[in-house]
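Reading the structure
Take a look at the letters that make up each chain.
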Amino acid sequence: MLGYVARRLALLGLMLFGLLCITFAISHVVPGDPARLAAGPDATASMVETVRAEYGLDQPLSVQFWRYVRGIASGDLGRSLRTRETVGSDLLRYFPNTFELVTGAMLIAVGLGVPLGILAAVHRDTWVDHLTRVVSVSGVAIPAFWLGLMLQLLLALDWGLLPLGGRLGLMQAPPAPITRLLVVDALLRGQWATVADAFAHALLPMVTLCFPALASIMRVNRAEMIETLRQDYIVNARAQGISDVRIVGRYALKNAMVPTLAMIGLRYGWMLGGTVLVETVFDWPGIGLYAVSSAVSSDFQPIMGVTLLLGLNFMLANFLVDLAYGWLDPRTREAGAA
Amino acid sequence: MSASLRLAAVVATLTLALAAPAPAFERSGDRKILVFAGRQEVPTIDPSVKYDWSIRMAQQSLYDALVKYIGNPPQIVPWLAERWESTPDAKTWTFHLVKNARFHNGDPVTAEAVRFSFARTLKLNQGPAWMLSDFLKEDGIKVLDDSTIQFNLSQPYAPFLSFLPWWYVMNGKQVLASEQGGDLGQKWLTTNAAGSGPFKIKRWEQGVLYELEAVDNYWKGWPSKDHVGGVIYKIVREAGAQRAALLRGEADVVEGLSTDDFDQVAKMPGIVVPNFPGMTTFGIKMNTQKGPTKDPNFRKAVCYAFDYDALVKIYNGHAVLETSPFPNATRGHVAVPGIYRQDLAKAKEVLAKSASPNGGVELEYVYVQGLEEERKLGLVLIDNLQKLNITVKMVPLIWPNMVARGSKPDTSPDMMAVFTTPVSTDPDAVAYQYHKNSWGKYYGSSFYANDDVWALIDRARTTPRWEERAPLYAEIQKRIAADAPEIFGMLMNRRWAMRDHVKGFQFSPVRFTGEVDLYPLAIVAK
């Protein structure tokens, strides 16, 4: 198993370097002059050159790449032309917000998707199954930005039940950072009003974001449950008079959850990079918004930083799934060693 | 507190948070806080480093300058300088400072602070430096005494005063005390202020909101007893969400709504929409160095074929057509006789004199991706130029790519939709957009070339007396119009939507789109 883990880790490192090369190449071949944009629309040629020199953009690409790789090795992701902060500190500011949003959304998706999948499987081809099918098809088909806007209009504007957007109410001061996760920090500092306000602000974006994941989890879980419930050992359990609740909850769900868990892992990694629209609609100050704002300013260092971070997340999710498969199915390990 | 009590407290607060709609404006103690929902971030407030509308709105609130633009038409009024004089050749300018101005930390605003601020901006060579750097060097700034400062320009520069409202005065002592590695305080001033303006920073949550607090004993005093006690600038990136925030009472002022949204909210009770002609010109720049648009007659044909009324219709009537390359509020603006209006017969007549007498060419129209009005104008162009047997290919690009395309004559598109806001009311600010030195900038994407006009521009900016400058600018406007480097479009009205308890709004067209002077604003609750 250790050899297997080492091989996967080596591959992960290689993939990360590949991602780094591709991101750097793409960032530097797209049209646009970041120095000119950063210097401002009225800047003279000498002002543009000042910015270019300050950020090392006047150096040959090979030198820039070498500096970038060397920087990354020492934990320096460069500096943003737009925010004038280091990319590392920007990521530290924005990533926790995205992490909280995605984690919350995934908790809702799993919390609802798994039971609904079980219900649909147990009540296969009844109205319950049909209803969950409608939910799952809608979850995949409805674009996140549209759903977000509709929820915003209905629940926030028309009914006034929830805030329109943002992370906290205007007069609500965020807690002093401990973990940089707002809700966690508010809990740790005992700021209950802040916790409540943060939840109220998070509800709509989380629901919007969770919908596609909920749909997938529900469908996969349903399919796996149906398959599992057909197995001989389940028939045997039924024959022994074990209650349906016990069969489903104790024997079937455990086996049906394996593929669902793998999908949750992959989906989680994917969601971390797919929050742009939801963050835009709800003014959620996360990494997606940061990436978009950087992209429209041709601010390459943050784009590369975000790509690397999200790539790393995704790879880690894949890595963990690989490990899980390897642990569950020894044949995978042997195939990897061959 | 027991776990169950804690849980109950959270649930109770959550219920309240869910159920209670936001009040019309926020309160902090006895202070009335105005909420401004804007789409653009304020990445830095360093006055020497950068400006755009949101940055400048913050800078204007935190800092003071020697003089200030006020009103419509914009007037330059004394601010930190109570008076000034210049030599007849406009080379030496002397400013006398008020004695009672104080920085937020209590230090007096002195001539040395003014010197430091100008020298810092020139040294960093960023932000507003371009406005004066050709004429003012660091050693040309002299402190005559604590409250008198003199600027000795390297050559006469008549528009000098018109740029000073954007050169904010910083407290040098504070800045240098916060210097890191010889950066002249750049890192610190990105999110901190060292100014003497009517507001100081209370909260700075980058990318989320920025809260300013009114300075109670502001040295200049306040224009109203109901002046705002503070301002929260909240970033709301979606126009729909901005509109919703206004209607729900979560925002007092919003900018940047669509034309239709502004019209709709203007009809709603409790909301007012100030509506004023601005100085931002919209033009379709044509590449004068390459392709069919290199031919002046071809460009004129395009200008005569264009349906100008469509421009105003697209903005539901909230725009006026340009009557000159210069915006109406620019000093010395003249309505150019015979400025282009749609005349198909004339269009065909001048096209016949061009290298493409029968049309038969395709022009590329580049516009900002996602900007609906520019897309609609592209459709108008397609329809209009079809009548000259010219086809139009619409190419939406994101702004950085547009800037890149327009930076070289070889890559600049045949036609490029461009909004331009001059930074001062002096005609030089607009005329210089047509100078060779503006090639490569987005507003220079037509690569206009006319040696005579360039010489006139150079002469006009160094001529001290307005009586002599005015006819030069009249001539410049006529000549540029005659060369047709662009379709001279329209001046879109500036609009904001605000709750009717917001009073004291003062419009000045020289401010950027979206920018509001927060100082005179008041909240008068019913």
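Residues numbered from 1 in each chain as written. Chains lettered and ligands numbered in written order. Predicted model: local features only at pLDDT ≥ 70, side-chain atom pairs only at ≥ 80, totals over all residues.

For chain A, the count of helices and strands is 15 helices and zero strands. The C-alpha extent of chain A, read off along each of the three principal axes, is 85 × 60 × 40 Å. A total of 338 residues make up chain A; the buried ones form 43% of that total. Once local pairs closer than 6 in sequence are excluded, the contacts in chain A between residues at least 24 apart make up 72%. (Helix = DSSP H or I, 4+ residues; strand = E, 2+ residues; numbered from the N terminus. Buried ≥ 20, exposed ≤ 12 C-beta atoms within 10 Å, placed from the backbone. Contact = placed C-beta atoms within 7 Å.)

Residue and element names in this part refer to chain B. According to the domain assignment, chain B contains domain 1 (26-44 + 197-270 + 500-523), domain 2 (64-176) and domain 3 (277-492). A C-alpha centroid distance of 28 Å is found between domain 1 and domain 2. For the side of domain 1 that touches domain 2, a count of residues per class yields five nonpolar, three polar and one charged. (Domains from an automatic or database assignment. Nonpolar A, V, L, I, M, F, W, Y, C, P; charged D, E, K, R; others polar.)

A few words now on the confidence of the model for chain B. Should pLDDT be low for a region, the predicted coordinates there are not to be read in detail. Residue and element names in this part refer to chain B. Mean pLDDT over chain B stands at 93; residues scoring 70 or higher make up 95%. For the stretch residues 12-22, pLDDT sits under 50, and the model shows 18 contacts to residues farther than four places along the chain or on other chains. For this predicted complex, the interface score ipTM comes out at 0.79, alongside a pTM of 0.86. (pLDDT = per-residue confidence, 0-100.)

We now examine the environment of Ala198 of chain A. All names here are of chain A. Here Ala198 lies in helix 9 (residues 192-229). Classification of Ala198 by C-beta neighbours within 10 Å gives buried; the count is 27. It is 8.0 Å that separates the C-alpha atoms of Ala198 and Gly169, two residues lying 29 residues apart in sequence. Not counting residues within four places of it along the chain, the set of residues in contact with Ala198 comprises Arg167, Leu168, Leu182, Val183 and Ala186.

All names here are of chain B. The pairing of strand 14 (residues 275-286) with strand 19 (residues 486-499) spans eight bridges and is classified as antiparallel. Within strand 19, the residue paired with Phe282 across the bridge is Met490. Strand direction decides the pairing type here: strand 14 and strand 18 (residues 415-420), joined by six bridges, are antiparallel. Opposite Gly283, over in strand 18, you have Val418 as the bridge partner. (Pairing = 2+ DSSP bridges.)

So, about the interface of chain B and chain A. By a widespread convention, an interface's size corresponds to the accessible area lost as its parts come together. If you look at the interface, chain B gives 49 residues, while chain A gives 47 residues. The set of elements that each furnish at least two residues to the side of chain B that touches chain A consists of helix 1 (3-19), strand 1 (26-28), helix 4 (129-132), strand 11 (230-235), helix 8 (239-247) and helix 14 (399-405) of chain B. Tallying contributions element by element places helix 1 of chain B first for the side of chain B that touches chain A, with seven residues. In terms of residue class, the side of chain B that touches chain A is made up of 26 nonpolar, 12 polar and 11 charged.

Residue and element names in this part refer to chain B. Looking at the secondary structure, you find Ala177 in helix 6 (residues 172-177). For Ala177, a count of 11 C-beta atoms within 10 Å corresponds to the exposed category. Taking the C-alpha atoms as reference points, Ala177 and Trp188, separated by 11 residues in sequence, lie 9.8 Å from one another.

Attention now goes to the sheet that holds strand 5 (residues 81-86) of chain B. All names here are of chain B. Reading across from one edge, 5-6-8-7 is the order of the four strands in this open sheet, with antiparallel pairing throughout. If you trace the sheet from one side to the other, it starts and ends with strand 5 and strand 7 (141-145), each paired once. Across the sheet, the mean angle separating the axes of adjacent strands is 20° when strand polarity is ignored. Examined bridge by bridge, strand 6 (residues 92-97) and strand 8 (residues 148-152) share five bridges and lie antiparallel to one another. Its bridge partner lying in strand 8, Phe95 is registered against Ile149. (Axes fitted to C-alpha atoms, helices over the stretch in contact; angles between N-to-C directions.)

Let us look at the confidence of the model for chain A. Taken residue by residue, chain A gives an average pLDDT of 87. The fraction at 70 or more is 96%. Here helix 15 (residues 330-337) of chain A is the element of chain A with the lowest mean pLDDT, 60, and helix 5 (residues 87-122) of chain A is the one with the highest, 93.

Residue and element names in this part refer to chain A. Interaxial distance between helix 9 and helix 11 (residues 244-272) falls to 8 Å at its minimum, and their mutual angle equals 155°. In terms of orientation, helix 9 lies roughly antiparallel with respect to helix 11. You can see that helix 9 and helix 11 cross each other, and the crossing is right-handed. Contacts from Leu209, Ala213, Ser216, Ile217, Val220, Asn221, Glu224, Met225, Thr228 and Leu229 in helix 9 reach Ala252, Asn255, Ala256, Pro259, Thr260, Met263, Ile264, Arg267 and Met271 in helix 11. Counted by class, the contact of helix 9 with helix 11 contains 12 nonpolar, five polar and two charged residues. (Parallel < 35°, antiparallel > 145°, perpendicular 65-115°, else oblique. Left-handed = near helix turned anticlockwise from the far one by under 90°.)

Now for the environment of Pro296 of chain B. All names here are of chain B. Within the element layout of this structure, Pro296 appears in helix 10 (residues 296-305). With 187 residues separating them along the chain, Pro296 and Asp483 place their C-alpha atoms 6.3 Å apart. Ignoring anything within four residues of it in the chain, the contact list for Pro296 reads Asp483 and Ala484.

The next point concerns unusual backbone geometry. Residues Asn72 of chain B and Pro73 of chain B are joined by a peptide bond in cis, for which omega reads 5°. Tracing the backbone through its elements, the reader meets Pro73 of chain B in the loop between strand 3 (67-70) and strand 4 (75-78). Within the chain, Asp283 of chain A stands out as a residue other than glycine whose phi angle is a positive 50°. Note that Asp283 of chain A resides in the loop between helix 12 (276-281) and helix 13 (287-295). Note on Asp283 of chain A: 27 C-beta atoms within 10 Å, which makes it buried.

Here strand 16 (residues 361-368) of chain B pairs with strand 18 of chain B via two bridges, running parallel. By the bridge assignment for strand 18 of chain B, Tyr365 of chain B is matched with Met415 of chain B.

On to the domain arrangement of chain A. As assigned here, chain A comprises domain 1 (2-73) and domain 2 (95-296). On a C-alpha basis, the centroid separation for the pair domain 1 of chain A and domain 2 of chain A is 35 Å.

A few words now on the nonpolar core. Ala105 and Cys210 of chain A together with Leu34, Ala65 and Val231 of chain B are the most contacted members of the largest nonpolar core, which totals 230 residues. Per-element tally for this core: the top contributor is helix 9 of chain A, with 20 residues. (Core = buried A, V, L, I, M, F, W, Y, C linked by C-beta atoms within 7 Å.)

Let's shift gears to helix 3 (residues 111-124) of chain B. Residue and element names in this part refer to chain B. Given a rise of 1.5 Å per residue, 14 residues ought to cover 20 Å, and the 20 Å separating the end C-alpha atoms of helix 3 matches this to within 8%. Of all the residues in helix 3, the buried ones are Ala111, Ala113, Val114, Phe116, Ser117, Phe118, Arg120 and Thr121. Next to the buried residues of helix 3 lie strand 6, helix 4, strand 7, strand 8 and helix 6. Asn125 sits one or two positions beyond helix 3 and adopts a positive phi of about 55°. (Expected span 1.5 Å × (residues − 1).)

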